[in-house]
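Chain residues, written in single-letter form:
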Amino acid sequence: MFPFPFSFVAPTASGLADIDNVYSMEFDGTNDYINSGNPTALQITGALTFSGWVKTSSATYQLMISKDDVTNRCYNFGFLNNGEVYGQVFSSGSATTVQTSTTWKDGNWHHIAFVYMPSTSIQIYVNGSSEILSTSSIPASIDNDPADFNIGRRSDGARYFNGNIDEVAVFDYALDSDQIDEIYNATSTGKTADLSDMATPPVAWYRMGD
């Protein structure tokens, strides 16, 4: 575990309470990962949101979270080689992918979120702001295949993450822009958003050392 605090001052007041955040987890890009198995709470086929803090400067194709072992495919979220943030959902075995046009592998902490609304949109936010919104050919549901949920790699043991990950949360609904902005703005040096303070908390929340 490595210290999370960084020089950050929330630009606006947030409606969410904050909580101490002293540590993150560092992944070596080779064999570090967390496997949570295949709990019912993460077998999400409808609306969902991924949220978390990441820091990396590695020019590799790497995943922050994944429920995708190539044979059984549900969803994944991470970085492309060029540093763009991307996310995928799978429906009837086919991937729908959205990626940012800006690169974020700069060795600094960034809050990133991926929001899927069935048949409507997929959106990626970075540091509280929308980076990409796709409304074209959005699937009506996500496949519920028996892949394990992994943090720090793809579920089949590829795409290992090289850097730091913190405060990973999975919601079984689509957060709106105000909610994502609240999560981002509740974070300051040594503090982060208390997601249990939300009206509907995440179905999974990995504090990564705190």
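Residues numbered from 1 in each chain as written. Predicted model: local features only at pLDDT ≥ 70, side-chain atom pairs only at ≥ 80, totals over all residues. Heavy atoms only, no water.

**A look at the overall build of the chain**
A count of helices and strands for the chain gives 1 helix and 16 strands. Counting only C-alpha atoms and orienting by the principal axes, one finds that the chain spans roughly 45 × 35 × 35 Å. By the burial criterion, 51% of the 210 residues in the chain qualify as buried. The contacts of the chain with a sequence gap of at least 6 include a subset with a gap of at least 24, amounting to 69%. Per element, the accessible surface of the chain, about 8,400 Å² overall, is 45% carbon and sulfur. (Helix = DSSP H or I, 4+ residues; strand = E, 2+ residues; numbered from the N terminus. Buried < 20%, exposed > 50% of the residue type's maximum accessible area, 1.4 Å probe, protein only. Contact = heavy atoms within 4.5 Å. Areas by Shrake-Rupley, 256 points an atom, 1.4 Å probe, with all protein chains shown as cover.)

**Remarks on the pattern of salt bridges**
Counted under the stated rule, the structure contains 4 salt bridges. In this structure, Asp20 and Lys191 form a salt bridge, with 2.5 Å as the shortest nitrogen-oxygen distance. Here Asp20, found in strand β2 (residues 18-20), pairs with Lys191, found in strand β15 (residues 191-193); they are 171 residues apart in sequence, far enough to count as distant. With a relative accessible area of 47%, Asp20 lands in the partly exposed category. In this structure, Glu167 engages Arg207 in a salt bridge whose closest nitrogen and oxygen atoms are separated by 2.9 Å. One end of the pair, Glu167, is in strand β14 (residues 162-171); the other, Arg207, is in the segment after β16 (204-206), with 40 residues separating them in the sequence. In this structure Arg207 comes out as buried when scored by relative accessible area, which is 16%. (Salt bridge = Lys/Arg side-chain N within 4 Å of Asp/Glu carboxyl O.)

**Brief notes about the packing of aromatic side chains**
For the coordinates displayed, the defined rule picks out 12 aromatic pairs. Measuring from ring centre to ring centre gives 6.0 Å for Phe50 and Phe77, while their planes differ by 35°; the resulting arrangement is tilted. Of the two residues, Phe50 is situated in strand β5 (residues 48-55) and Phe77 in strand β7 (residues 73-79); the sequence distance between them amounts to 27 residues. In this pair, the class of Phe50 matches that of Phe77, namely buried. (Phe/Tyr/Trp six-rings, centres within 6.5 Å; stacked < 30°, edge-to-face > 60°.)

**A closer look at empty space enclosed by the protein**
Taken as a whole and assessed by the stated rule, the structure comprises 1 cavity of 30 Å³ or more. Estimated volume of the largest cavity: approximately 40 Å³. Together, Ser51, Trp53, His111, Glu167, Ile183, Thr192, Ala193 and Leu195 line the largest cavity. Sorting the residues of the lining of the largest cavity by element identifies β5 and β15 as the ones contributing at least two each. Taken together, the residues of the lining of the largest cavity break down into 4 nonpolar, 3 polar and 1 charged. (1 Å grid on protein atoms, 1.4 Å probe; cavity = no way out; pocket = protein on both sides within 12 Å on 5 of 7 lines; lining within 4 Å. Points joined across faces, edges and corners; volume = space filled by probe spheres on them. Nonpolar A, V, L, I, M, F, W, Y, C, P; charged D, E, K, R; others polar.)

**Topic: the environment of Phe90**
By the secondary structure assignment, Phe90 is in strand β8 (residues 84-91). Considering only alpha carbons, one finds Phe90 and Asn72, 18 residues apart in sequence, at a separation of 9.5 Å. Here Phe90 is in contact with Asp68, Arg73, Cys74, Tyr75, Asn76, Ala95, Ser141, Ile142 and Asp143, once residues within four sequence places are set aside.

**Considering the side chain of Ser155**
In this fold, Ser155 is placed in the loop between β13 (150-151) and β14. You can call Ser155 buried: its relative accessible area is 13%. Only 2.7 Å separates the side chain of Ser155 from the backbone oxygen of Asp148, close enough to count as a polar contact. For Ser155, the contacting residues outside a window of four places in its chain are Ser66, Lys67, Asp68, Asp69, Asp148 and Asn150. (Polar contact = N/O pair within 3.5 Å; in protein donor to acceptor, adjacent residues only side chain to side chain.)

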